[in-house]
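The primary structure of each chain is shown beneath.
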Amino acid sequence: MSIATNIASIMNELPSTVKLVAVSKFHPLEAILEAYDAGQRVFAESRPQELKDKVEHLGQIGGHEDIEWHFIGHLQTNKLKMVLPYVSLVQSVDSRRLMEAIGVWAESNGKTVDVLLEMHISSEASKQGFTFDEASALLKDMESLSGPFSRIRVRGLMGMASLTDDEDIIRNEFLSLVRYADMFAEMFAGSERIGMEERSFGMTGDYPLAVRTGSTMVRIGTAIFGERQY
Ligand SMILES: *Cc1c(COP(=O)(O)O)cnc(C)c1O
């Protein structure tokens, strides 16, 4: 199946309220162009250098300025300048240190940066992300402190479920992210810096379930572009 066919059939399944983020990591520029020609405008990458290279390459080709890039990988604080100038959303903020560094970058570049907090919802120890209490403490500080934090807008939460075939486990993990977002939305109602409208969960293996569970943003790579060649 072609990339265009894949996108069409996924779009057909998604309610209009759910945004499709095409995860193009490890796929060549040609694949992105094919998806673009099929109407896809939101893309995500997980490695700073690869993101920067692709954006610059597209800039040379010209005519793709309406692409919206998201960053979804682990971001080291010394790589910010390879990522933040190019993206409209960092979905994978997973530590206070990173949040502070993004704020400092935003301040010195006169920018505001939109982010999601990556929550640890899976039972796997290796997955990144905040616990509810960690995120809660950070959000309270963001709300009350001036300085670099005032340059960041939190737009919601992101999470990854465990790698398992057990739908009950995945559903419960997704529901915990929804519950966290609902609680934060209540705690920070009316805040200008903290919003919880985006709930980013669901990938190739679990996006239909994610949509049924309340996702607003699915991040899909394999089902659009095929298997990645690592
Ligand atoms: C790679 C990746 C995806 C896409 O995974 P697929 O299974 O190929 O759809 C989604 N989210 C994150 C954070 C990723 O790193």
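Before reading further, recall that the structure is shown in the block above.
Scope of this entry: the structure provided in the associated data block.

Here is what the cut-offs are and how they apply
- Residues numbered from 1 in each chain as written.
- Predicted model: local features only at pLDDT ≥ 70, side-chain atom pairs only at ≥ 80, totals over all residues.
- Heavy atoms only, no water.
- Helix = DSSP H or I, 4+ residues; strand = E, 2+ residues; numbered from the N terminus.
- Rg over C-alpha atoms; globule rule 2.2 N^0.38 Å.
- Buried < 20%, exposed > 50% of the residue type's maximum accessible area, 1.4 Å probe, protein only.
- Contact = heavy atoms within 4.5 Å.
- Lys, Arg positive; Asp, Glu negative; His and termini not counted.
- Charge placed at Lys NZ, Arg CZ, Asp CG, Glu CD.
- Core = buried A, V, L, I, M, F, W, Y, C linked by side-chain atoms within 4.5 Å.
- Salt bridge = Lys/Arg side-chain N within 4 Å of Asp/Glu carboxyl O.
- Polar contact = N/O pair within 3.5 Å; in protein donor to acceptor, adjacent residues only side chain to side chain.
- Near = heavy atom within 4 Å.
- Areas by Shrake-Rupley, 256 points an atom, 1.4 Å probe, with all protein chains shown as cover.
- 1 Å grid on protein atoms, 1.4 Å probe; cavity = no way out; pocket = protein on both sides within 12 Å on 5 of 7 lines; lining within 4 Å.
- Sits in = over half its atoms within 2 Å of the grid points.
- Nonpolar A, V, L, I, M, F, W, Y, C, P; charged D, E, K, R; others polar.
- Points joined across faces, edges and corners; volume = space filled by probe spheres on them.
- Axes fitted to C-alpha atoms, helices over the stretch in contact; angles between N-to-C directions.
- Parallel < 35°, antiparallel > 145°, perpendicular 65-115°, else oblique.
- Left-handed = near helix turned anticlockwise from the far one by under 90°.

### A short note on the overall build of the protein chain
A count of helices and strands for the protein chain gives nine helices and eight strands. For 230 residues, the compact-globule estimate of 2.2 N^0.38 gives 17 Å, and the C-alpha radius of gyration of the protein chain, at 17 Å, lies within 12% of that figure. Taken over the C-alpha atoms alone, the protein chain extends approximately 50 × 45 × 30 Å along its principal axes. Counting the 230 residues in the protein chain, one finds 50% classified as buried. Taking as baseline every contact in the protein chain between residues at least 6 positions apart, the subset at least 24 positions apart corresponds to 65%. Distance from the positive charge centre (23 side chains) to the negative charge centre (33 side chains) of the protein chain: 4 Å.

### What to know about the nonpolar core
The nonpolar side chains of a soluble globular protein tend to be buried with one another. If you look at the biggest cluster of nonpolar residues, it comprises 67 residues, and the most contacted ones within it are M99, L117, M119 and F184. In terms of residue count, the dominant contributor to this core is helix α7 (residues 167-187) (seven residues). When neighbours within four sequence positions are excluded, L117 is seen to be in contact with Q91, V93, M99, F130, A135, L138, L139, V154, G156, L157 and M158. With nine residues, the next largest nonpolar core counts V23, I72, M158 and M217 among its residues.

### Considering the side chain of R219
As for its position among the elements, R219 is in strand β8 (residues 217-220). Despite being buried, R219 has no salt bridge partner; D206 is the closest side chain of opposite charge, sitting 7.1 Å away. In this structure the side chain of R219 is engaged in a polar contact, spanning 3.3 Å, whose partner is the backbone oxygen of G159. Look past the residues within four positions of R219 in its chain and what remains in contact with it is V21, V23, I72, Q91, M158, G159, M160, S200, F201, G202, M203 and T204.

### Let's talk about the site of the ligand
If you check the shell around the ligand, you find V23, K25, I72, M158, M160, M203, T204, R219, I220, G221, T222 and R228 and nothing else. Residue K25 places a side-chain N or O atom 2.6 Å away from an oxygen atom belonging to the ligand. The backbone of G221 places a nitrogen or oxygen atom 2.8 Å from an oxygen atom of the ligand. In isolation the ligand exposes 390 Å². Once the protein is present, 90% of that is buried. Most atoms of the ligand, that is more than half of them, are within 2 Å of grid points of the largest pocket. Within the shell around the ligand, the residues separate by chemical class into six nonpolar, three polar and three charged.

### Some details on the layout of surface pockets
The calculated volume of the largest pocket comes to roughly 720 Å³. Around the largest pocket, the lining comprises 31 residues; the ones closest to its centre are M160, L163, M203, T204 and D206. A per-element tally of the lining of the largest pocket places helix α8 (residues 207-213) first, with three residues. Each residue belonging to the lining of the largest pocket can be placed in one class, and the counts come to eleven nonpolar, eleven polar and nine charged.

### Remarks on the packing of helix α6 (residues 132-144) against α7
Direction vectors running N to C along α6 and α7 enclose 25 degrees, while the axes themselves pass 12 Å from each other. As the angle between them shows, α6 and α7 are arranged roughly parallel. For the element pair α6 and α7, the recorded crossing hand is right-handed. The residues of α7 that touch α6, namely those facing F132, A135, S136, L139 and K140, are Y180, M183, F184 and M187. Partitioned by chemical class, the residues of the contact of α6 with α7 number seven nonpolar, one polar and one charged.

### Digging into the pattern of salt bridges
Across all of its chains, the model carries 13 salt bridges by this definition. Here E50 makes a salt bridge to R47, at a shortest N to O gap of 2.5 Å. The partly exposed category is assigned to R47, whose relative accessible area is 37%. With a closest N to O distance of 3.8 Å, R171 and E167 form a salt bridge. With R171 and E167 both in helix α7, this residue pair falls four residues apart, about one helical turn.

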